[in-house]
Amino acid sequence: MTERDGISVAPDVFISEDELVENFIRSSGPGGQNVNKVATAVQLRFDARNAPGLPERVRERTISLAGQRATKDGVIVIEAGRFRTQEQNRADARARLTALVAKAAEPPPKPRKKTRPTKGSVERRLQSKAGRSTVKKLRGRVDSD
């Protein structure tokens, strides 16, 4: 769903290319000598609070869904270092950001419609409770008359 000058997430949600800031950092974990020399992991920053392509509802929801990845200023920081190349990590970070914003752009669920149990089901439940009650009463001590 990417375009030349940005990422289209939903019909009214768009992330411009110049809103994304990428810094390449050294990746953590195993990898031998290469991991100490080459900066393959990417740190993607997206200022969600000031993004013009996000509607207000999507903007606030994106920041709340980001959780720990969002700073106090509303900047979302995504670190991707799963792969051994910068290009793959770049694509991974962008895909994760797109998925986050797409989840925030989903419409809210319909409100739950309250339902009542049928008269028959209420009667059956009360009858079974009464039956269990009598069974438990019969388990008690037997009076020796």
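Given the structure is predicted, the values throughout are model-derived calculations rather than measurements. The numbering scheme is per chain: residues are counted from 1 as the chain's sequence reads. Local features in a predicted model are, by the rule used here, given only for residues with pLDDT of at least 70; side-chain atom pairs are given and counted only at 80 or more, and totals for whole chains, interfaces and linings are based on all residues. Note that the side-chain values use all heavy atoms of the structure and ignore hydrogens as well as water.

**Q** Honestly, the environment of Q86 in this entry has me stumped. Any pointers?
**A** Its place among the elements puts Q86 in helix 3 (residues 86-105). Only protein chains enter the accessibility calculation, which uses a 1.4 Å probe; a residue is then buried when its area is under 20% of its type maximum, exposed when over 50%, and partly exposed in between. Here Q86 falls in the partly exposed class, since its relative accessible area comes to 35%. Placed 44 residues apart in sequence, Q86 and V42 show a C-alpha to C-alpha distance of 6.9 Å. If we ignore the near neighbours within four places in the chain, the residues touching Q86 are F24, A39 and T40. The numbering of helices and of strands both runs from the N terminus, where a helix is a DSSP run of H or I of at least 4 residues and a strand a run of E of at least 2. Residues count as neighbours in contact if any of their non-hydrogen atoms are within 4.5 Å of one another.

**Q** Would you take a moment to explain the environment of A95 for this structure?
**A** Counting through the fold element by element, A95 comes out in helix 3. Given a relative accessible area of 45%, A95 falls into the partly exposed group. Put simply, A95 and I7 are 88 residues apart on the chain and 9.8 Å apart in space, counted from C-alpha to C-alpha.

**Q** Please explain the sheet that holds strand 6 (residues 75-80) as it appears in this structure.
**A** What holds strands together in a sheet is hydrogen bonding between their backbones, with the strands either parallel or antiparallel. Pairing in this open sheet of three strands is antiparallel, and the strands run 4-5-6 from one edge to the other. The open sheet has two edge strands with one neighbour each: strand 4 (20-25) and strand 6. Geometrically, the sheet is characterised by an average inter-axis angle of 20° between neighbouring strands, direction not taken into account. Each pair of strands is called paired provided DSSP finds at least two bridges between the two strands. Direction of pairing for strand 5 (residues 41-47) relative to strand 6: antiparallel, over a ladder of six bridges. Looking at the pairing, Q43 lines up with E79 of strand 6. A fitted line through C-alpha atoms represents every axis, and for helices the fit uses only the stretch in contact; the resulting angles, taken between N-to-C directions, go from 0 to 180 degrees. Seen against the sheet, helix 3 touches strand 4, strand 5 and strand 6 and runs at an angle of roughly 140° to strand 6.

**Q** I keep staring at the nonpolar core and nothing clicks. Help me out?
**A** One broad trend across soluble globular proteins is that nonpolar side chains are buried collectively. What we call a nonpolar core is a set of buried Ala, Val, Leu, Ile, Met, Phe, Trp, Tyr and Cys residues that are connected through their side-chain atoms within 4.5 Å. Counting 25 residues, the largest nonpolar core has V13, I15, F46, L54, I76, L97 and V101 as the members making the most contacts within it. For this core, the secondary structure elements donating two or more residues are strand 2 (6-10), strand 3 (13-16), strand 5, helix 2 (56-66), strand 6 and helix 3. The greatest single-element share of this core, amounting to six residues, is contributed by helix 3. With near-sequence residues (within four places) excluded, L54 lies in contact with V13, F14, F46, A48, R59 and V101.

**Q** Sorry, what's going on with the packing of helix 2 against helix 3 here?
**A** In a packed pair of helices, the relevant descriptors are the angle between the two axes and the axis-to-axis distance. Where helix 2 meets helix 3, the axes come as close as 8 Å, and the angle between the chain directions of the two elements is 125°. Between helix 2 and helix 3, the interaxial angle falls into the category oblique. Handedness of the helix 2/helix 3 crossing: right-handed. Contacts between helix 2 and helix 3 involve R57, V58, R61, T62, L65 and A66 from the first element and L100, V101, K103, A104 and A105 from the second. Within the contact of helix 2 with helix 3, the residues separate by chemical class into seven nonpolar, one polar and three charged. Under this scheme an angle from 65 to 115 degrees is roughly perpendicular, one under 35 degrees roughly parallel, and one over 145 degrees roughly antiparallel; angles in between are oblique. Here is the rule for handedness: rotate from the far helix to the near one, and if that takes an anticlockwise turn smaller than a right angle the crossing is left-handed, while a clockwise turn gives right-handed. Residues are sorted three ways: Asp, Glu, Lys and Arg are charged, Ala, Val, Leu, Ile, Met, Phe, Trp, Tyr, Cys and Pro are nonpolar, and all the rest, Gly among them, are polar.

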